[in-house]
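Structural description and commentary
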Amino acid sequence: ASPSRAVVVGSVNGTLDGETAVGGWDILIVLYSYNGTKEWTRVIGSTGDDVALAVAVDGTRGHLFVVGRAQGSINISDSGSYSGSYSGMDDVFVAKYNSSGSQLWLMMFGSTQSEQANSVAFSPFYSSIIVVGDTNGTMNGLSPSVSVSAFIAKITETNGVATMSNLVYSSWAQ
């Protein structure tokens with residue numbers, strides 16, 4: 001997407017624009033041109049209920065970074081790479097698409113408890129993706145000190161494969 005395009009993310013239950021949902025509610029990504037013409041629609045997901053909650057755009061290349069939560073392993077719709085695995089309940093997903101709608105890669109991470117990504121940003125200077133979300137489980141050896149903790153994860157990409165390079169927690173009382 002570029003400054004002359006708009007991206008809508010969320011979830012859908014059923015078929016939309018020829019894209020069929022995999023499970024209950026599935027991840028929806030729609031790209032519109034500057035004049036409101038729909039360029040493409042993508043629906044991906046697991047057999048559970050999944051939702052896209054945020055999107056960031058690499059303004060130079062037009063790549064989209066979509067994040068949210070999934071209740072199972074997400075299908076890979078294109079020939080892109082897949083990293084991580086579904087751990088249980090709700091897990092974080094991060095997916096990268098090019099401006100034509102091809103999925104370049106998808107990664108998942110989480111714990112046996114619930115996690116979700118609430119925000120995403122792309123840093124062109126560091127060529128990394130920053131994901132912010134919440135969890136109530138142990139991820140990468142880090143445990144929350146209260147029932148729900150915020151996390152910040154730095155995702156880097158090497159040869160088309162995404163990996164988590166940093167993860168930090170911040171806890172708050174409820």
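This text follows the structure it describes.
Residues numbered from 1 in each chain as written. Predicted model: local features only at pLDDT ≥ 70, side-chain atom pairs only at ≥ 80, totals over all residues. Heavy atoms only, no water.

What follows concerns the environment of Ser 114. Looking at the element boundaries, Ser 114 is found in the loop between strand 10 (103–109) and strand 11 (115–123). C-alpha separation for the pair Ser 114 and Arg 69, spaced 45 residues apart in sequence, amounts to 8.9 Å. Aside from chain neighbours lying at most four places away, what touches Ser 114 is Met 89, Asp 90, Asp 134, Thr 135 and Asn 136. (Helix = DSSP H or I, 4+ residues; strand = E, 2+ residues; numbered from the N terminus. Contact = heavy atoms within 4.5 Å.)

A word on the sheet that holds strand 4 (residues 26–32). Read from one edge to the other, the open sheet built from three strands follows the order 1-4-5, with strand pairing classed as antiparallel. This sheet does not close on itself; its edge strands, each paired only once, are strand 1 (6–12) and strand 5 (38–44). For this sheet, the mean angle separating the axes of adjacent strands, direction not counted, is 15 degrees. (Pairing = 2+ DSSP bridges. Axes fitted to C-alpha atoms, helices over the stretch in contact; angles between N-to-C directions.)

Our focus in this paragraph is the side chain of Asp 90. Topologically, Asp 90 is positioned in the loop between strand 8 (81–84) and strand 9 (91–97). Look at Asp 90: it is buried, it has no salt bridge, and the nearest opposite charge is Arg 69 at 4.3 Å. Looking at Asp 90, its side chain comes within polar contact range of the side chain of Gln 71, at 3.1 Å. In this view, Asp 90 contacts Arg 69, Ala 70, Gln 71, Gln 113, Ser 114 and Glu 115; residues no more than four positions away in its chain are not counted. (Buried < 20%, exposed > 50% of the residue type's maximum accessible area, 1.4 Å probe, protein only. Lys, Arg positive; Asp, Glu negative; His and termini not counted. Salt bridge = Lys/Arg side-chain N within 4 Å of Asp/Glu carboxyl O. Polar contact = N/O pair within 3.5 Å; in protein donor to acceptor, adjacent residues only side chain to side chain.)

Let's shift gears to unusual backbone geometry. Even without being glycine, Asp 17 reaches a positive phi, approximately 55 degrees. Within the secondary structure, Asp 17 is located in the loop between strand 2 (15–16) and strand 3 (19–20). Although it is not a glycine, Met 89 adopts a positive phi angle of roughly 50 degrees. Tracing the sequence through the fold places Met 89 in the loop between strand 8 and strand 9.

Turning to a nonpolar patch on the surface, a few remarks are in order. A cluster of nonpolar residues, Val 132, Ile 152 and Val 168, forms a patch on the protein surface that exposes about 220 Å² of accessible area. For Val 168, the location among the structural elements is in strand 14 (residues 161–171). A residue is classified by how much of its surface remains accessible, and Val 168, at 44% relative accessible area, is partly exposed. (Patch = residues over 30% accessible without salt bridge, like charges linked within 9 Å, V, L, I, M, F, W, Y side chains within 5 Å. Areas by Shrake-Rupley, 256 points an atom, 1.4 Å probe, with all protein chains shown as cover.)

Within strand 10, six of the seven residues are buried, leaving the element largely enclosed by the surrounding structure. Examined bridge by bridge, strand 9 and strand 10 share six bridges and lie antiparallel to one another. When the bridges of strand 10 are listed, Tyr 97 appears paired with Gln 103. Where strand 9 hands over to strand 10, the hairpin turn is made up of five residues, of which Gly 101 adopts a positive phi near 95 degrees.

Time to look at the packing of aromatic side chains. Scanning the entire structure with this criterion turns up four aromatic pairs. Aromatic pair Phe 65 and Phe 122: ring centres 5.1 Å apart, planes at 10 degrees, arrangement stacked. Pair noted here: Phe 65 is in strand 7 (residues 63–70) and Phe 122 is in strand 11, with a separation of 57 residues, a long-range link. Centre to centre, the rings of Phe 109 and Phe 151 are 5.8 Å apart; their planes meet at 75 degrees, and the pair counts as edge-to-face. With Phe 109 in strand 10 and Phe 151 in strand 13 (residues 149–158), this residue pair connects regions lying 42 residues apart in the sequence. Judged by relative accessible area, which is 6%, Phe 109 ranks as buried. (Phe/Tyr/Trp six-rings, centres within 6.5 Å; stacked < 30°, edge-to-face > 60°.)

Structural measurements only, silent on function.
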